[in-house]
Structures are given as C-alpha cells and as structure tokens.
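So the chains spell out like this:
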Amino acid sequence: CGQCAAVCPFGAITEVSDLDKVKAAIKDPDKIVMFQTAPAVRVGLGEAFGMEPGAFVQGKMVGALRALGADYVFDTDFGADMTIMEEAMELLHRLQSEEIPIPQFTSCCPAWVEFLETFYPDLIPHLSSTKSPISIMSAAMKTWFVKNNNLDPKKVVIVDVAPCTAKKAEIRRPELNASADFWNIPELRDTDISITTRELAQWIQEEGLDFTGIADSDFDKVFGESTGGGRIFGNSGGVMEAAIRTAYYFFTGRKAPDDFIPFEPVRGLDGVKKASVVFGHFVIHVAAISGLGNARKFLDELIAAEDFENYSFIEVMACPGGCIGGGGQPKVKLPQVKKVQQARMDSLYQSDVDATYKASWENPEIQDLYKQFLGEPLSERAEMMLHTYFTDRSDDLGEMKNLTPETNPSST
Ligand code: SF4
C-alpha cells in the first residue's frame, strides 16, 4: 500500500530514483546546487561502505557531497532547531488557549501526516502547523540565505538527503512554496529534489569515490550550527525530548534542568513511550509513538476512552524507531534490524552529548535568524514562512471511508 511504500525499511517496494535530476543540476553551470542532510543520514550512510552500524560519518558525508559538486552543504539539524522553536511556542499557545485543541501532534513525518489526513481527518486541528525540518530549512535557504547572498532564486536548486522515501511526496505538496510567495515567482518550489541515504551511497559508488578515505568537511554557515536537540530528531522520542528542552524555557524563562537531559522516558525502541513533564505550574502528559500500527491503536484507544485531553503533546513517527529506521536508509537483514537501529540511535544520542548547546533556543545561529529575519516564534513572518496547513484526504479511501473499525479489515 502507499503508506508501506513510503516507509518500508526493508526495500521490498521499488522506489523512484531522483539521482539523474541531481546530476543534471550539478552539470548545469547556471545552477547553484545546495544540499541539506537530515539527522539520521549521517548514522546510516557508512553502512553502505562496510562501516559499523551507527558509524557517525557527518564529516565524510559533507566531504563526499563537496566532491560530487555541491555548491553548498547545510545541516538539516539546523532546520530541526527551527521546527522546535515554532513547535514549542505553538504548544505553549495551545495550553493557554481555549480555542486551539490539545494534544498537539508532531507533523514532521510526512507518512504520519498523510495517514492522519486520510484515516483521522477530524484530528487535523491537532497537527502542529510547523513545517518539517527539511521543509522549514528549504524555505529559509531559498529566501533569507539567497537574499543575503545576492543569489538568483531561479538558479538555486535545493536537494535534501533524507533517510525517508516519503519526503519525495512531501516536497511536492503545493503549499510548501514560501519562496514562490516571497520572490513572487510562482514556479519556484522550496525543495526541488529529495534523495535518500541509499541514493547518495549509490551516487558515491558510481563516481568511484573512496568514501572511507574522504577527508572530513564542515557544513557551510549560516545553517551549520546545531544543538543536541536538533541532532536527536532522527530518533523516535527525539522530537519530543528536543521540544521539552525548549518548551521548558518558553514556559519558565529558565534553562531546562539537568534531569531533562537525557529525558529517558521517551528514549529507546519501544513503539509507545509515555511520560509526565512538570513545566513550572503545568504538568503535561506526553507520548512518543513509532510505527503507524501503534499510532492507530493508540489513537483508537484514546478516542474510545474519551481520554484525549489528558495528553498535551504526542510525537508520531511512521517508521519503527523513528527516522533512523527510515525506508531510505541502507537495507538491513531482518534479524539485525533492532541491533542496527539501536546502534544508529546511540550514535545520534552521542552527538547530543558532544554538542555545545543542548536546546534549540540556545543556538546562536537560530538567535541571529530570528533577530535579523523572523522576529519572534509565531510572528507574522514566521507564520508565513515556517507554517503550513493540512487537507482532509479521506475521500481517497473511496467506499472504505464509511467502514467502522469493526468492519474495516485493514484496521488493526
Ligand atoms: Fe520518513 Fe522519518 Fe517518517 Fe520514516 S519516520 S516516514 S523516515 S519522516
């Protein structure tokens, strides 16, 4: 099915390759090709070259993209920090408002978003309107960065490298075109091409690059600094933990205490993780879910128990373990799946330990971006550039739309 094709981590379903489009853009002397690489890519890519599962190859990945002809290489972890700034502020508003419903659902996983739009359209108001890290980052790259560097937006080609095949569909969503409005050029898209970790590995192999011997390279500034919060986005529970670090600051005006980092209750490979968090005078209940089967079961139970508002914030990622287990990552033999996912997860948590800043609001480049361009989280410009909307897709189900959970054979 479409959902499975989007997320199948075992490669059982053929995916479309977009490498030819990237190569054509690189060859075109008129184009300026900017890459951004998602958090989980750097802990999966090395496996395609015989390295240990979870090997942290950020420097080699950036070096390889430069050798392949990238004009710029930016870090989607910075986009994750931007997503958290907006999403955490949105949570604060929901908790203080009678009009916007809780719980707030994360919306950075396109397979989950499409699942909810199709099967639970009544819950669309619960989705965070904040764009995913890749989409938020492309919007900032093709507006702020292009403007500040006097580049021609029509010449800029933005390529994301993701662990995810569903991103290929996300970037085509018509509403993800803030740059078209900003520049008044209707044909612009924020993200032009999406390739997976596997496609990048294939490209490196086709060009005969010795990946293990490539010298480390750093991301380009100004989207090169990331916090631990941005780095752990690739793990199930990572978005939740990152959001808690920044939401705590927004709620209380103080840095999150040490016992929030690490926030163990939302770590690990379990499909459903629950926790309570004390933010000053608020106690909020949160959950982190991975796997769409788990999400369906969790939602159906909440709806049946009329227990919805007991939760304030719920993270859902379609792939088991989160993006580290994404359908675009190097394939893993079935008995090794848990071990490899754990190694990738541990590697991202280690990069959080190594990070100078832990919470997204502490990122100096994020502070500059808000100072110089966006104003405050949820400002008018931030709403225009960094937020999106969702669509009821339940008609796509055809006759199945009217089946109840009891009569629907696909309901688990
Ligand atoms: Fe893509 Fe991550 Fe969602 Fe999997 S969990 S579909 S990799 S965004």
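I will try to describe carefully the structure that is included in this document. Here the structure is a predicted model, which is why all the values come from computation and not from measurement. (Residues numbered from 1 in each chain as written. Predicted model: local features only at pLDDT ≥ 70, side-chain atom pairs only at ≥ 80, totals over all residues.)

Along the backbone of the chain there are 15 helices and eight strands. For 412 residues, the compact-globule formula gives about 22 Å, and the C-alpha radius of gyration of the chain, at 20 Å, lands near that figure. Dimensions along the principal axes, computed over C-alpha positions, put the chain at roughly 60 × 45 × 45 Å. Buried positions account for 50% of the 412 residues belonging to the chain. Considering only intrachain contacts with a sequence separation of at least 6, the fraction spanning at least 24 residues in the chain is 79%. (Helix = DSSP H or I, 4+ residues; strand = E, 2+ residues; numbered from the N terminus. Rg over C-alpha atoms; globule rule 2.2 N^0.38 Å. Buried ≥ 20, exposed ≤ 12 C-beta atoms within 10 Å, placed from the backbone. Contact = placed C-beta atoms within 7 Å.)

It is worth spelling out the sheet that holds strand S7 (residues 282–290) at this point. Each strand in a sheet pairs with another by means of backbone hydrogen bonds, the pair being arranged parallel or else antiparallel. Across the sheet, which stays open at both edges, the four strands sit in the order S3-S8-S7-S6 with mixed pairing between neighbours. The sheet terminates laterally at strand S3 (104–105) and strand S6 (272–279), the two strands that pair on one side only. Pairing of S3 with strand S8 (residues 313–317) involves two bridges; the strand directions are parallel. Along S8, the bridge assignment pairs Gln 104 with Phe 313. (Pairing = 2+ DSSP bridges.)

Below, the discussion takes up the sheet that holds strand S1 (residues 32–37). Spatially, the four strands line up as an open sheet ordered S2-S1-S4-S5, and their pairing is parallel. Looking at strand neighbours, the two that pair on one side only are strand S2 (72–75) and strand S5 (193–196), the edges of this open sheet. Across the sheet, the mean angle from the axis of one strand to that of its neighbour is 25 degrees, orientation sign disregarded. Where S1 and S2 come together, four bridges link them in parallel fashion. Pairing of Met 34 across the sheet is with Tyr 72, part of S2. (Axes fitted to C-alpha atoms, helices over the stretch in contact; angles between N-to-C directions.)

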